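Now for the letters of each chain:
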Amino acid sequence: MRAYLDAIAAGYPTVSPALVYLIGMLAFGALVVFVFILPVAGITSWVERRVWARIQSRIGPNRVGPGGFLQWLADGLKNLLKEDVIPAAVDVPLFRIAPYVVVAGFVAAFVALPFAGSLIIADLNIGILYISAITSLVVIGILMAGWSSNNKWSMLGGIRSATQIICYEIPVGLSIFPVVLLSGTLSMQGIISAQGWAPTSWHMFHSPFLFVSFLLFFVGALAEGNRTPFDLPEADSELVAGFATEYSGMRSLLFFLAEWGNLYVIGVLVSTLFMGGWQVPHFTDNGVVLAVAQFATMFVKAYFWVFVAMWVRATLPRVRVDQFMTLCWKYMVPIGLVNVVGTATMMVVLPQGSIVLRWIMVAMTAAILVQFARRVFFHLRRANYGRLGRISEGAA
Amino acid sequence: MSLELEFADGRDVFATEDMVLNMGPQHPSTHGVLRFIIRADGEVMRSAKADVGYLHRSIEKIAEKVGWHGFMPYTDRVDYVAAMTTNQAWAMAAEVLGGVTVPRRGEYCRVIAAELGRICSHLLAAGAMGMDIGAITPFTHAVRERELINDLLEELCGARLTFNYMRIGGVAWDLPPGFGAKVLRFLDHFEPYVDELDDLLSGNKIYIERLANVAVVSRERAIAYNLVGPNLRASGVKYDIRKHLPYSVYPEFDFEVPIGEGRHGSVGDCWDRYIVRLHEMRQSARILRQAIDGLPEGPVIAKVPRNYKPAAGEVHVHVETPRGDQSWYVVADGTEYPYRVHIRTGSFAAMAMIEELSRGLMIADLVALIASFDIVAPEVDR
Amino acid sequence: MSPLAFYPLAFVCIASAMGVVLSRNPVRSALSLVASLFCLAVFYVFLQAHLVAALQIIVYAGAVMVLFLFVITLLNLESDRGLGEKPVLSAIGFGAGAIVAGGLIAALSRTSLGARAVTLVPTFGTTKVLARQLFGDYLVAFELTSMLLLVAVVGAVVLAKRDGSYEGDEQEAAVPARSEEASH
């Protein structure tokens, strides 16, 4: 990236190189946003609706494009054309800015997200720390939205969200520490490089502590992303639509964009920290082919977690505020502390890790997954809907 | 050290105020047009005052002007989630006043229709319960099953929500050919489904945490507040009008009255109210099977004059609707119009209790409480 | 640091800092402070102190300011009514402000504002170096600070525990009780 900009700057000796950098970075940023982030967030909305529909024995959007695939474009267009209603008693500047702050917070996280071995906008040496820092913009945006709407439901939503994100920052942070301890770096590419393509070399299966860390991280990330069972800020049956109650049109859509986009961020973080990120076997020397394979690996892993988050959302009820806090402070934080100490102890006792332990961990996880799949299929066989059709039409 | 800080207008800086929240009339989880005025300290409610009357349509007054037969369609609107039982209550009141005896086949038709309606209503209640707690999937599954019943009832009387099926002296139409077999086929499908809903929702850890020990109604308070139906039975009182003040042909059927057992908390919590409804669906299925098996032959409606004029007098009938004992107090003065009609409904009693129960609950619990009482707004206001 | 980046940032930083003081609306003040803190974090980045920048955002903009906002929105302060209307308090405020301003001017007058070129070691500002210092050279100070914070947390919990139970309908009684406790 830098070399490329240097070359451009050399072509225009009269222009300050700093200006070229600035314009170049802005253009590149805009490109990433439009070519990758917006479509991923939009398509995630369509996927989520289809996945839910499947789980809820509905059909879901199926009119626009093949399988309703273009629904997200249609919705975006519709919302762009809608009137931007600003209620009378709101704090107008804050009300207008809030959605942009939220979107900025989540888009900025993409700066340090790895896509493939050579594809990352900036491999910061504080990568993971940067991401947890910049996403705090989202909280501020949500609080702004909640307060400026001049609506008590909005405010309750904003306050819930702020509480939630601040509190769960701690278990999430604690579950990142063991990974950082193992990798010896905060850089995202560094963390991935410390793992390999095989599951036995993933951080997740290093020791039981890391596996628990992984669970803590996923649960905490769901909470920070305001996803069910922790979707209290926008709990539609309690707070109408939480902080987004007074928003309409594109501004309202921006909040959802950030939510769906955040899902992908969560997926990438989980696969980077615990599942070897873009690591693939070195099967070819062709750099482009390798990069494509790495990108695909990363995307599949990340999207698997996106799917799990959707699945969880369609399955679980919502916890109450006090239960939510209890879970965080009485369970997740102590467990996280134990994990940090445990991992550090492991690293002193077994500096190279134990390949036997890794294999046992992988085998146990596989066994749990197989058992789970068997239960799912058992229930699917037992479920007898779909065979009946419209009773009143069938012959007796 | 004393710290006396005041605002310029003399208010104490450290004084706190309650937040007054307006939940409704348009709110996603108030099940119709209900309104609660919540005084809350943060998320904890000091009180939730119900403000009723948004759905008042003067149904009782209308009865005094439309006549005995003409009032039947209006009864559908008293509780549009379970219109069959309201139909039945009005028909029964008029029959008692006029001394009309319903043919046995007519009574069986009524029971079949009413029990299908009960399953319908309980499905909606259980699904909406999950929805209000935040689980979106059980609702669509429950509504899918409800759709099958709606199809059956559509075949029976042409309507899917406001049935207008019963008449003074019986029912409007006999069961269509093959209807019994279809109901049995539906039940074969439905009974395993109740178990499935049970698996899907009842044992969920978060679901139990949200409902167990929330808004516990003790046996004594339930009786003192005159709770009825599933809400009363969840508090451990075995009282079902179908068993204890029998009407129609219910004494001929063998069924049980499920009561709350406090499996995950105290007897009479939200979870008990939910599970009682689930068990009642199974019992309704049992009644339906027996009714289809024992369906007698004969007419479905007695000879009732078009110009129906019951003798002067008054009557108080009780019917077990999905929301409990619905009692109709009807006064006749010997003309073709009722003199006075008063309906006392289950939701009304439950609504009255919410203010007491809401103290110290969180806002999220209020949603669970409303859902667990299965309040249907039109039934409160009429 | 390129002037192209510095001047706009510095302008935003100072403007939002002014906003903190000049805005009559407490929520806007707090949000201006957030903006100002963000700009400072960007300055840290340009000065090669990446870790400090991240910590600045996490701790100040992310946690502390969100709690500020939290409290302010809960208190629902009205912008035109404050403690300032009491003459004694205004006088105290002005006095304290004057002392701080005087101290700052005195400190600034001793510093030369000219830029000094400093050569940085390549590891400057990295996590490793910072961690060495915190957990090696300044370990005692670091641990003492954390003890202090722990004491503060325990104290806050004790204070918060003392009031606020929701038994019965004692809302009239609860309000004076609370203010009485606060005044001791």
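The structure presented is a predicted model; accordingly, all values stated were derived computationally and were not measured. (Residues numbered from 1 in each chain as written. Chains lettered and ligands numbered in written order. Predicted model: local features only at pLDDT ≥ 70, side-chain atom pairs only at ≥ 80, totals over all residues.)

Examining the domain arrangement of chain A
Residues and elements named next belong to chain A. Our working definition: Each domain span listed reflects an automatic or database assignment of domains. We call two residues in contact whenever the C-beta atoms placed from their backbones are within 7 Å. Secondary structure counts use DSSP, requiring at least four H or I residues in a row for a helix and at least two E residues in a row for a strand, with both numbered from the N terminus. Following the grouping adopted for this structure description, the nonpolar residues are Ala, Val, Leu, Ile, Met, Phe, Trp, Tyr, Cys and Pro, the charged ones are Asp, Glu, Lys and Arg, and the polar ones are all others, Gly among them.
Partitioning chain A into domains gives domain 1 (1–77) and domain 2 (82–353). Just the C-alpha atoms count here: the centres of domain 1 and domain 2 sit 19 Å apart. Contacts between the two partners involve 13 residues from domain 1 and, on the opposite side, 14 residues from domain 2. Top element by residues in the side of domain 1 that touches domain 2 is helix H2 (residues 17–55). It accounts for 11 residues. Of the residues in the side of domain 1 that touches domain 2, the class split is eight nonpolar, four polar and one charged.

A closer look at the sheet that holds strand S6 (residues 313–321) of chain B
Residues and elements named next belong to chain B. Short version of the rule: For two strands to be treated as a pair, DSSP must find no fewer than two bridges joining them. Orientation is described by lines fitted to C-alpha atoms, with helices fitted over the stretch in contact, and by angles between N-to-C directions that extend from 0 to 180 degrees.
Spatially, S6-S7-S8 is the arrangement adopted by the three strands of the open sheet, whose pairing is antiparallel. Strands at the two margins of the open sheet, each flanked by one partner only, are S6 and strand S8 (338–344). Put simply, the sheet's adjacent strands are angled 15 degrees from each other on average, direction ignored. Where helix H3 (residues 83–98) meets the sheet, it contacts S6 and strand S7 (324–332), and its direction lies at approximately 155 degrees from that of S6.

A closer look at helix H2 (residues 26–46) of chain C
All names here are of chain C. Which entries qualify depends on this criterion: Multiply 1.5 Å by the residue count of a helix minus one, and that product is the helix's expected span. Put plainly, a residue is buried at 20 or more neighbouring C-beta atoms within 10 Å of its own, exposed at 12 or fewer, and partly exposed in between, counting only other residues' C-beta atoms, which are placed from the backbone.
The terminal C-alpha atoms of H2 lie 31 Å apart, and with 21 residues this matches the ideal 30 Å at 1.5 Å per residue to within 8%. Taken together, the buried positions of H2 are Val 27, Arg 28, Ala 30, Leu 31, Ser 32, Leu 33, Val 34, Ala 35, Ser 36, Leu 37, Phe 38 and Ala 41. Looking at the residues trailing H2, positive phi occurs at Gln 48, about 70 degrees.

Some remarks on the interface of chain A and chain B
On the chain B side, the residues contacting the 30 residues of chain A number 39 residues. Among the secondary structure elements, those contributing two or more residues to the side of chain A that touches chain B are helix H10 (236–239), helix H12 (287–315) and helix H13 (321–349) of chain A. Of the residues assigned to the side of chain A that touches chain B, the class counts are 14 nonpolar, eight polar and eight charged.

Structural notes on the nonpolar core
Heads up, the rule is: For this entry, the nonpolar core is defined as buried Ala, Val, Leu, Ile, Met, Phe, Trp, Tyr and Cys residues connected by C-beta atoms within 7 Å.
Among the nonpolar cores identified, the biggest contains 243 residues, and Val 102 and Val 270 of chain A, Leu 369 of chain B together with Val 34 of chain C are the most heavily contacted of them. Sort the elements by how many residues they give to this core and helix H4 (residues 104–133) of chain B lands first, with 17 residues. Each residue touching Val 102 of chain A, except ones within four places of it in the same chain, is listed here: Val 138, Gly 141, Ile 142, Leu 254, Phe 255 and Ala 258 of chain A.

Comments concerning the pairing of strand S2 (residues 35–41) of chain B
Side-chain positions along a regular strand alternate between the two faces of the sheet. Residue and element names in this part refer to chain B. Burial along S2 is one-sided: the face carrying Phe 36, Ile 38 and Ala 40 is buried and the face carrying Arg 35, Ile 37, Arg 39 and Asp 41 is not. Where strand S1 (residues 19–23) lies against S2, five bridges are found, and the strand directions are antiparallel. Its bridge partner being in S2, Met 23 is matched across the sheet by Phe 36. Linking S2 back to strand S3 (residues 44–51) in an antiparallel pair, the connection comprises two residues, with Gly 42 at a positive phi of about 70 degrees.

Some points on the sheet that holds S2 of chain B
Residues and elements named next belong to chain B. One open sheet holds the three strands; their spatial order is S1-S2-S3, and the pairing between them is antiparallel. Every other strand in the sheet has two partners, leaving S1 and S3 as the edge strands with one partner each. Each strand axis lies, on average, 20 degrees off the axis of its neighbour in the sheet, ignoring direction.

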